Amino acid sequence: MTIYNLGSINVDLFYQVPHLPTPGETLAAREVTEGLGGKGANMSVAAARAAARVCHIGSVGADRIWPRDRLLEYGVDTRHIATDEGQTGTAVIAVDPDGENLILLNAGVNAHIADSAISAALSEAQTGDILVFQNETNGQLHAAETAKKMGLRVCYAAAPFEVSAVQGVLNHLDLLILNEVEAAQLEAGLDMPLRDLPVADILVTLGAKGCRWLSAAGEKTFDAIPVDAVDTTGAGDTFTGFWLAGLDRGMPMEQAIGQATIAAALMVMRHGTADVIPDLLEVQEFMQR
């Protein structure tokens, strides 16, 4: 099967800082590095490294096309990544010594993906394939509607979070993943508990506390793996990519979550985003310890 990902592609600029800046403060960075990022690109790389077939739907600017080539190197199908005359998306990421971060985004051409391009990519999909999308591009509703009609399993990683964005696609979803803060905001915004949403499976990631899985069968909590985190950037995207890859390969939900939990734990022990996402062999070796 195949995971189709309508997702952002960014150039990430990492600033290692002594602490996260406060309003009006000027900080000197200890180090600055550049790499591949964007929630969409991170998820595609993670799913590909977890042995899934991944087709990315997105756009890069004519100013920087190397992120598309990097995705191809990591095993992602890039045929449906367009080149636009605008700017490739960028993210400025400040990371403190405890691994906490602050992120500034410029969407660039991530916001210029044509509905026709989304339709063309999904025309190759088969019933049972997975579509995943986030909030760093346009076209979410069109993609969700198209995928649902075709019998794909539709997953929404609801970040950056907006209640109205979730409302717009809610009736098309089979899978929803969001963090603890976003879950509380969604419940408040909809005036409805998560368990009453019309979504078969909902995952709420809890950072160092693990995650919650809500389904028709009830609710189950999974513990995180305690590690010394140096950078939490991209950990949630890594979790999502490995989780979906597990489901795509037919894993039971608990096993897919367990695999994703290990991948996220490995990820927070590294500096960077897409370029340092662990592969399936690393996850399996960790499981055998």
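Data block above holds the structure.
Reference entry: report on the structure contained in this document.

What counts, and at which threshold
Residues numbered from 1 in each chain as written. Predicted model: local features only at pLDDT ≥ 70, side-chain atom pairs only at ≥ 80, totals over all residues. Heavy atoms only, no water. Helix = DSSP H or I, 4+ residues; strand = E, 2+ residues; numbered from the N terminus. Rg over C-alpha atoms; globule rule 2.2 N^0.38 Å. Buried < 20%, exposed > 50% of the residue type's maximum accessible area, 1.4 Å probe, protein only. Contact = heavy atoms within 4.5 Å. Areas by Shrake-Rupley, 256 points an atom, 1.4 Å probe, with all protein chains shown as cover. Pairing = 2+ DSSP bridges. Axes fitted to C-alpha atoms, helices over the stretch in contact; angles between N-to-C directions. Polar contact = N/O pair within 3.5 Å; in protein donor to acceptor, adjacent residues only side chain to side chain. Parallel < 35°, antiparallel > 145°, perpendicular 65-115°, else oblique. Core = buried A, V, L, I, M, F, W, Y, C linked by side-chain atoms within 4.5 Å.

## Topic: the overall build of the protein chain
Next, step 1: Each helix and strand in the protein chain was counted, giving 9 helices and 13 strands.
Next, step 2: Taken over C-alpha atoms, the radius of gyration comes to 18 Å for the protein chain, in line with the 19 Å a tight globule of 289 residues would show.
Next, step 3: Oriented by its inertia axes, the alpha-carbon framework of the protein chain measures out at about 50 × 45 × 40 Å.
Next, step 4: Across the 289 residues that make up the protein chain, the buried fraction comes to 53%.
Next, step 5: Pairs at least 24 residues apart make up 64% of the contacts formed inside the protein chain by residues separated by at least 6 positions.
Next, step 6: Put simply, the protein chain shows about 12,200 Å² of open surface, and 52% of that area lies on carbon and sulfur atoms.

## Observations regarding unusual backbone geometry
Next, step 1: The omega torsion across Ala159 and Pro160 is -10°, close enough to zero to call that bond cis.
Next, step 2: Unusually for a residue other than glycine, Ala51 sits at a positive phi of about 80°.
Next, step 3: Here Ala51 lies in the loop between α1 (39–49) and β4 (53–61).
Next, step 4: Non-glycine residue Asp191 carries a positive phi angle of around 50°.
Next, step 5: Position of Asp191 relative to the elements: it lies in the loop between α6 (180–190) and β11 (201–205).
Next, step 6: With a relative accessible area of 71%, Asp191 lands in the exposed category.

## A word on the sheet that holds strand β2 (residues 10–16)
Next, step 1: Strand order in the open sheet made by the 4 strands is β3-β2-β6-β7, with mixed pairing throughout. A strand with exactly one partner marks an edge of an open sheet, and here the two such strands are β3 (31–37) and β7 (101–106). Strand-to-strand twist in this sheet, taken as the mean axis angle between neighbours without regard to direction, amounts to 20°.
Next, step 2: Here β2 pairs with strand β6 (residues 89–95) via 7 bridges, running parallel. Residue pairing in the sheet places Leu13 in a bridge with Val92 of β6.
Next, step 3: Contacts from helix α2 (residues 66–73) reach β2 and β3, with the element oriented near 70° to β3.

## Some points on the side chain of Thr88
Next, step 1: For Thr88, the location among the structural elements is in the loop between β5 (77–84) and β6.
Next, step 2: The exposure class assigned to Thr88 is buried, which follows from its relative accessible area of 1%.
Next, step 3: Polar side-chain contacts of Thr88 include one of 2.7 Å to the backbone nitrogen of Gly61.
Next, step 4: For Thr88, the side chain forms a polar contact with the main-chain oxygen of Arg64, separated by 2.7 Å.
Next, step 5: Discounting chain neighbours no more than four positions away, the residues touching Thr88 are Ile9, Val11, Val60, Gly61, Asp63, Arg64, Pro67 and Val109.

## Some words on the packing of helix α8 (residues 253–267) against helix α9 (residues 280–287)
Next, step 1: One way to put it is that α8 packs onto α9 with a least axis distance of 9 Å and a crossing angle of 100°. Taken together, the axis directions place α8 and α9 in an arrangement best described as roughly perpendicular. Each of Gln259, Ile262, Ala263 and Leu266 in α8 lies in contact with α9, whose residues at this interface are Leu280, Glu282, Val283, Phe286 and Met287.

## Focus: the nonpolar core
Side chains that are nonpolar tend, in soluble globular proteins, to be buried together.
Next, step 1: Leu71, Leu203, Phe239, Phe242, Trp243, Leu244 and Ile257 are the most contacted members of the largest nonpolar core, which has 47 residues in total.
Next, step 2: Considering every element that reaches this core, the biggest residue donor is α8, with 9 residues.
Next, step 3: Setting aside anything within four residues of it in sequence, one finds Leu71 in contact with Ile9, Leu36, Ala41, Val45, Val76, Thr78 and Ile81.
Next, step 4: Of all hydrophobic cores here, the second largest spans 35 residues; its members include Ile57, Tyr156, Leu190 and Leu197.

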